[in-house]
Every structure is written in C-alpha cells, then in structure tokens.
Amino acid sequence: MGTIILAIILSLIMIFMAVAALLVRRVRTAVLASGILSLIASILYLLLAAPDVAMTEAAIGSGLTTIIFFYVINKIRRSDV
Amino acid sequence: MYKNLFIIVILAGLGILLGRFLLTHHENTSLPELPAYYTDNADHEVGAANVVTAVVVTYRGFDTLGEVTILFVAASLIAMFLKNGLVRKERDPRPSSVILSTAQKLLFPLIVLFGVYVFANGHLTPGGGFQGGAIIATGFLLLLMANPQAEFKHGLFNSIESISGISYVVIGILGAILGLGFLDNRFLPLGHLGRLFSAGAIPVIYSLIGLKVGAELSNILHHLNEVQNEE
C-alpha cells in the first residue's frame, strides 16, 4: 500500500514537472524540470521492478541529456550575439 | 478558435481511447507464452542469472547489434558536424570552484570503476553494457565540468571504440561457426550459474559494448565541450 501511495505522489510531481517544462518562460528552468522528470521516472521504474531501465533512465535521461541541453543553450546564446 | 476546437477534439478522442483501454483492462495472472519461455529456460539455456541480459544479448542479440550501430552513426555524425571548418579561438573560462575540482579528483576513479562493475556483472545483476557505458561517460562529464580545458586523446578513444565494435561482430561470427547461430554465447563454457565467469560469451560481449558506449558518449561530450571554447 505504501508503494502505491509513493507512486501516486511521484506521478503527480512528474505531471507538475512536465507542465512546468512546457510553460516556464526561462529555458534553463524548463531543462532542469525535464531532468527532474527523468529522475522521478527512474524511481518509478525501480518501483515497477525494472531496475535495468531505471539505470538507463537515471544515467542518460537525467544526467547526460540535461548537460547536453545546457551545452547547446550556452552555444546558441553566444553565437546569437 | 478553430485551433482550440481541434485541440479539444483530439484530447477528447485520446480520452475515449484511453478510457476504453482502462475499463477493459484486466491483469494477467500468468505470463504470456514468450516471456514464460524466457523465464523458464534462460538459466539452463543461456546460463545468465539476469533474464533481461539473457534476452538482450542472446535471444535478441541482433537487435542489440542494431542499437550499437545506431549509437555509432549518431556519434560519427556529431563528430562530423562539430569538427567541420571551425577556427579555434582559445578563451579563458572561469576556473571551477574548489569544491567541484576536489570532488572530481575523488569521484572520477570511483565512477569509472562503478561503470566497469556494472557492465562486467551485467549477466548477474541489473545493468549491462549500455548502462555501464553511460555511467563511465558521466564520470568523464564530471572531469570536463571541473576543468573545461581538459584534452582527451581522441585517437585512444576512437581505437577503443573501433576495436570493441569489431570484436563484438567477430564474437558474433564465432558464435555462428562454433555455436548454434550468429551471436550465440554457448561456444564458451556456460559455467556455474551466478558466478562471474559464467554464461559463455555474455560477459565478453557486454564488456565490449560497455567500452564502446563509454568511449562514444565521452567523445560526444568532449566534442560539445570543445565547441564551447570557440567563438
């Protein structure tokens, strides 16, 4: 029962982060929101007994992708000027 | 006006579809035929304690070869586009904080070691080549964040990647010659279930995939970091 309540809370945070990533005005905040979304998704995968997928999601979804977004945003800002 | 109406109609359609799925859905009490075959036979046919690894490397090994190829093509294209005709102009980035550089010195070997552990134990515990490679790449990411001027040896990374990619295909062909088919793992002894040296060629294949993925992702990150240094 505790697992189900935890899963529901995590899903609500996930939906909140997804909406925030769409609506927030600053791009950096949106990228951070999508990174947190991936991190919570990996916890949910772990709760659903899929540790292999959870590891991939945590390393690639929330780690590498977020940083690559930041690299690209930084590059675009500087070549714009 | 019409745009909003269109969006509402699409949302209603999706809601009806998903609602019908939710109402008619019932949980299976037993596994379907194919997953049941995998869980019943993976331990004595393949010798891997982790059924997911048995499916990914052996039963669906050809798909894994395709995934590795996709990643290779993506890394090559990124290298091609980012290296094309750029004039290097050095900039002086702000030195990173003491906390970050000290933590990097401590954590970098541990993260790489953990990545190696994950792909070497892929047939026993959750994880495998892709996960281990991604963890190694996050270690190199930390290195690049702590000192952005760091230079990798591109030749070393490229040769690690090429050699492991070629060895992966060679092991697959060896499986076809000595075993029962392409990427069959049973041309090496299956060993004792649950030991590190067991499951035939699976640890070898997953170690090669881990090295390849780690080198590729680190190379992508290094290319992106190099582009940051140019105007």
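Residues numbered from 1 in each chain as written. Chains lettered and ligands numbered in written order. Predicted model: local features only at pLDDT ≥ 70, side-chain atom pairs only at ≥ 80, totals over all residues.

1. Considering the overall build of chain A
And step 1. The secondary structure content of chain A amounts to three helices and zero strands.
And step 2. Its helices and strands taken in sequence order, chain A reads α-α-α from the N to the C terminus.
And step 3. For a compact globule of 81 residues, the expected C-alpha radius of gyration is about 12 Å, and chain A comes in at 15 Å, more than 25% above that figure.
And step 4. Each of the three principal axes of chain A carries a C-alpha extent, and together these read 55 × 25 × 10 Å.
And step 5. Expressed as a percentage of the 81 residues in chain A, the buried residues total 19%.
And step 6. The contacts of chain A with a sequence gap of at least 6 include a subset with a gap of at least 24, amounting to 40%. (Helix = DSSP H or I, 4+ residues; strand = E, 2+ residues; numbered from the N terminus. Rg over C-alpha atoms; globule rule 2.2 N^0.38 Å. Buried ≥ 20, exposed ≤ 12 C-beta atoms within 10 Å, placed from the backbone. Contact = placed C-beta atoms within 7 Å.)

2. Points about the interface of chain A and chain B
And step 1. Chain A puts 13 residues into the contact, and the matching count from chain B is 15 residues.
And step 2. Here the side of chain A that touches chain B is composed, by residue class, of eight nonpolar, three polar and two charged. (Nonpolar A, V, L, I, M, F, W, Y, C, P; charged D, E, K, R; others polar.)

3. Some words on the nonpolar core
And step 1. Of all hydrophobic cores here, the largest spans 43 residues; its most connected members are B:A134, B:A137, B:F140, B:I202, B:I205, B:I209 and B:L221.
And step 2. Elements supplying a minimum of two residues to this core: α3 (51-80) of chain A together with α3 (51-59), α4 (61-82), α5 (98-120), α6 (129-146) and α8 (202-228) of chain B.
And step 3. For B:I209, the contacting residues outside a window of four places in its chain are B:V68, B:G129, B:F130 and B:Y168. (Core = buried A, V, L, I, M, F, W, Y, C linked by C-beta atoms within 7 Å.)

4. Notes on helix α2 (residues 27-47) of chain A
Each α-helix turn comprises 3.6 residues. Residues three or four places apart therefore point the same way.
All names here are of chain A.
And step 1. Taking 1.5 Å per residue, 21 residues should reach 30 Å; α2 reaches 31 Å between its end C-alpha atoms and fits that length.
And step 2. The complete set of buried residues in α2 reads S34, G35, L37, I40, A41 and S42.
And step 3. Looking one or two residues past α2, A49 carries a phi angle of roughly 65°, positive in sign. (Expected span 1.5 Å × (residues − 1).)

5. A look at the confidence of the model for chain A
And step 1. Here chain A averages 87 in pLDDT, while 95% of its residues score no lower than 70.
And step 2. Put simply, α3(A) is where chain A has its lowest mean pLDDT, 83, and α2(A) is where it has its highest, 91. (pLDDT = per-residue confidence, 0-100.)

6. Describing the environment of B:M145
Residues and elements named next belong to chain B.
And step 1. The residue M145 is located in helix α6 in this model.
And step 2. Residues M145 and V56, 89 residues apart in the sequence, show an inter-C-alpha distance of 33 Å.
And step 3. With residues up to four places along the chain from it excluded, the contact list for M145 reads S96 and L100.

7. Comments concerning unusual backbone geometry
One can expect most non-glycine residues to show negative phi and most peptide bonds to be in trans.
All names here are of chain A.
And step 1. Of note in this structure, A49 is not a glycine but carries a positive phi near 65°.
And step 2. Within the element layout of this structure, A49 appears in the loop between α2 and α3.
And step 3. The class for A49 is exposed, based on 8 C-beta atoms found within 10 Å.

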